[in-house]
Amino acid sequence: MAYRVILIEKNKAMHDELNETLKKSPDFEVMATYSEVNAALGQSGMHNPSLFLVDVDDPEVVDMLPAFVDIYPGVMILGMLSTWNPDMAQRAVGYGILGCIKKPFRTSDILEAIEVYKKRGGTGAPYTIAFFSPKGRAGRTTLAALLALTLAKKTNESVALIDADLQFGDLPIFFDIEPQHTVVDAVHDLKMLMPVSLAPYFHVITKNVGLLSSPDRPEYAELVDAEGLLGLVQMAGHLFKYVFIDLPAGFNPLSVAVTNFADVNFVVAMINTGLEIEHVKRSMALFDMRKVQRNKCWPIFTRVNPCTPDKKMQLEMQLGYPIAEIFPNEYNLVSVANSGQILQGVPSDTLMMRTIDELAERIIRREL
Amino acid sequence: MAEGRSSIIISIFSTGSGIGKTITAINLAAGLAKEGYAICLVDLDLQFGDIVKYLKLEPKYTIADANADFKNDAEHFNVKDYLTDYHYKGKGGEIRFSVLAPPRMIYDAYRIDVDVVENLIMQLNYFDFIVLDLSAVFSTLNVAMLDMSTIINFLGVIDFLPSVKNFKIGYDTLVRFEYEGSKIRLVENRANSQKLIDGRDVERLLGETFFHRLPNDFPSVNKSILEGCPLMFVAPDAPLTKSFMELSGEYTARPNSNQLNPATPAEPQGFFTKFFDIFGN
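Everything numeric in this text was worked out from a predicted model, so none of it was measured.

This next bit is on the packing of aromatic side chains. Aromatic rings in a pair are described by how distant their centres are and how their planes are angled relative to each other. Enumeration according to the criterion identifies 28 aromatic pairs over all chains in this entry. Seen from their ring centres, Tyr61 of chain B and Tyr82 of chain B are 5.7 Å apart, and the 65° between their planes marks the pair as edge-to-face. Taken together, the residues Tyr61 of chain B in the loop between α2 (51-54) and α3 (63-72) and Tyr82 of chain B in the loop between α3 and β3 (84-90) connect sequence positions 21 residues apart. Using a relative accessible area of 8% as the deciding quantity, one classes Tyr82 of chain B as buried. Above the plane of the ring of Trp298 of chain A lies Arg362 of chain A, whose end atom (NZ or CZ) is 5.9 Å from the centre. In this structure, Lys80 of chain B packs its charged tip against the face of Tyr126 of chain B, placed 4.9 Å from the ring centre.

Structure, rendered in structure tokens:
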């Protein structure tokens, strides 16, 4: 069945061009076209539309999007941009539209965009979580991978895993894949991409978890700067409802930029000699100093033994900050990760997976 | 400085943290000091260096102060003023060595200039050995330090596939830096722990044999951290202690200068500049 389209575009030449394109396709039936957004908002109900194509170059139009979402629930809305504008696109998607496409378009672009954006599994602003650790070997990547799989399963929404540990990223090995594309390629190509054309850079791990890998040589890390990585993270948020970023250890331009941007930062450390608590304390102090709001940075300790509420309280006292979660040692994990079998996972009846489950629930409830 | 005299610089490097770099650096420094050499141990994990905590030192000055003062007045700068002495007397004897401490605040780590650190290391040349404890990343600073080093102890724990992958990536990268083969010494830590991966397979993978293997001994290491002193004092008979002694012994034979040639400081290099040709410019 053809999409019943309402086109909203102020620019006369563009309006005519888009209208012509749509009319040539059997997949679309143009019900009405508007140059004024107010008129469209009031009158569109008469036409029983199934798809709005809305010019979002204009900030005033973007401001009206919540009203469209409210008045026409269930009707798909695609924003049209003449060039990629991350801030405008972010606002538009935050108001609950399906996504953004570039104009002028071919009708196949619209069909592709609908297909790709529907896989996101939910509308509204993306939720970005950065996985930071003062030092390596913290359990950071394991946590990110298990949490991504769990969250995607629970919500039916999609999760992106971006391996930004560009020198020594471990995610490809965890999933036993040989990536076709890496963060370096994506950042390099970003200026030419829209969210829909970024989608193939992600390796499909499950139907709603995608992985963008780190490059296979440490020296390529130099090709990605903080601005490029942030641009990638923002664009990924149009394809995935959750965006997880696995950061390199320590404070560096990439980790600083991403932790500033993210909705939540997990500060992950593995209990080993005890000095790790001090590392987390120093990191949290720096986050405080950098005015990254303290309430979005959450310490997580792994390999805690005994992994009990008392132990958690004791660690919180030592640290001077509330802790999001503590994780026990899980012997199975080493062999699971060794064999690239993380997808098959750790048995769900373990304390490890129960804790992952709990953390996923808290993320869903936006408690962090 | 005396003509022709220069320190031997031994760096401890890895491509994963939490695998024993600091413990190796401290015990290597201690072993060399025990043999009567003048040793300076430099903590170059600027953000999260643990040497000071480990040895329970309270440094008056750190590398951050040295960095600032050097930039302020290089002419009257003397690196000696910024070192902290470590001294321990126990049943096993007595040792002394100097430590250049990392910054107190992470924020200060940002302000440290690579060329200043290069200068500091050059000024430390009155020591017989300088032991550098690096962080686990290819950074501008670490690459500059690797360039300056006489010997790179490239440390790995190979119990976990990602670690093996990172060990291999790190080694391949060092090889691409075109260091002399003899400069890079592979050291396996926790070599005898129960694990699923065989060290010999890793040697085949790397095409290079391990120069030294350190056995696993968490209890002794833990005791040494608690006491704040090197293993030779808390676990003198432990195989790990002996293995560290053997490792320092490897570097003190110092038979002729051909074998352990003090490094000539390299031209200052940008981070990975030596790779730019692979991108066609």
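We now examine the domain arrangement of chain A. For interface size, the figure often reported is the accessible area lost on association. All names here are of chain A. Domain assignment breaks chain A into domain 1 (3-118) and domain 2 (127-364). Its C-alpha centre places domain 1 at a distance of 35 Å from the equivalent point of domain 2. Overall, the association of domain 1 and domain 2 removes approximately 1000 Å² of surface from exposure, summing both partners, and the carbon and sulfur fraction of that is 69%. For the pair domain 1 and domain 2, the interface holds zero salt bridges. There are zero residue pairs in polar contact (both at pLDDT 80 or more) connecting domain 1 and domain 2. Secondary structure elements with two or more residues in the side of domain 1 that touches domain 2: α4 (86-94), β5 (99-102) and α5 (107-118).

All names here are of chain B. Confidence in the prediction of chain B, expressed as mean pLDDT, is 87, and 88% of residues score 70 or more. A low-confidence stretch, residues 254-259 stays under pLDDT 50, and its non-local contacts, those more than four residues away or across chains, total three contacts. This model gives residues 263-271 a pLDDT under 50, and the stretch forms 15 contacts once residues within four places in sequence are excluded.

In this model, Lys103 of chain A is joined to Pro104 of chain A through a cis peptide bond whose omega is -5°. Each neighbour pair has its own omega, and for Asn305 of chain A with Pro306 of chain A the value is -5°, a cis peptide bond. Locating Pro306 of chain A in the fold gives a position in the loop between β12 (297-302) and α13 (309-319). One non-glycine residue, Glu178 of chain B, adopts positive backbone phi at about 65°. Topologically, Glu178 of chain B is positioned in the loop between α7 (161-176) and β7 (184-188). For Glu178 of chain B, a relative accessible area of 70% gives the class exposed. Even without glycine at this site, Arg190 of chain B takes up a positive phi of about 50°.

Residue and element names in this part refer to chain A. On the basis of which strands lie adjacent, the open sheet formed by eight strands has the order β8-β9-β7-β10-β6-β11-β12-β13 and mixed pairing. Each end of this open sheet is capped by a strand with a single partner; those strands are β8 (203-206) and β13 (325-326). Where strand β6 (residues 127-132) and strand β10 (residues 242-246) come together, five bridges link them in parallel fashion. Considered in β10, the bridge of Tyr127 is made with Tyr242. In the packing of helix α6 (residues 140-155) onto the sheet, contacts are made with β6, β7 (159-163), β8, β9 (209-212), β10, β11 (264-270) and β12, and the angle to β10 comes to roughly 170°. Relative to β6, helix α11 (residues 253-261) is tilted by about 145°, and along the sheet it contacts β6, β10 and β11.

Analysis parameters
- Residues numbered from 1 in each chain as written.
- Chains lettered and ligands numbered in written order.
- Predicted model: local features only at pLDDT ≥ 70, side-chain atom pairs only at ≥ 80, totals over all residues.
- Heavy atoms only, no water.
- Phe/Tyr/Trp six-rings, centres within 6.5 Å; stacked < 30°, edge-to-face > 60°.
- Helix = DSSP H or I, 4+ residues; strand = E, 2+ residues; numbered from the N terminus.
- Buried < 20%, exposed > 50% of the residue type's maximum accessible area, 1.4 Å probe, protein only.
- Lys NZ or Arg CZ within 6 Å of the ring centre and 35° of its normal.
- Domains from an automatic or database assignment.
- Buried area = accessible area lost by both parts, 1.4 Å probe.
- Salt bridge = Lys/Arg side-chain N within 4 Å of Asp/Glu carboxyl O.
- Polar contact = N/O pair within 3.5 Å; in protein donor to acceptor, adjacent residues only side chain to side chain.
- pLDDT = per-residue confidence, 0-100.
- Contact = heavy atoms within 4.5 Å.
- Pairing = 2+ DSSP bridges.
- Axes fitted to C-alpha atoms, helices over the stretch in contact; angles between N-to-C directions.

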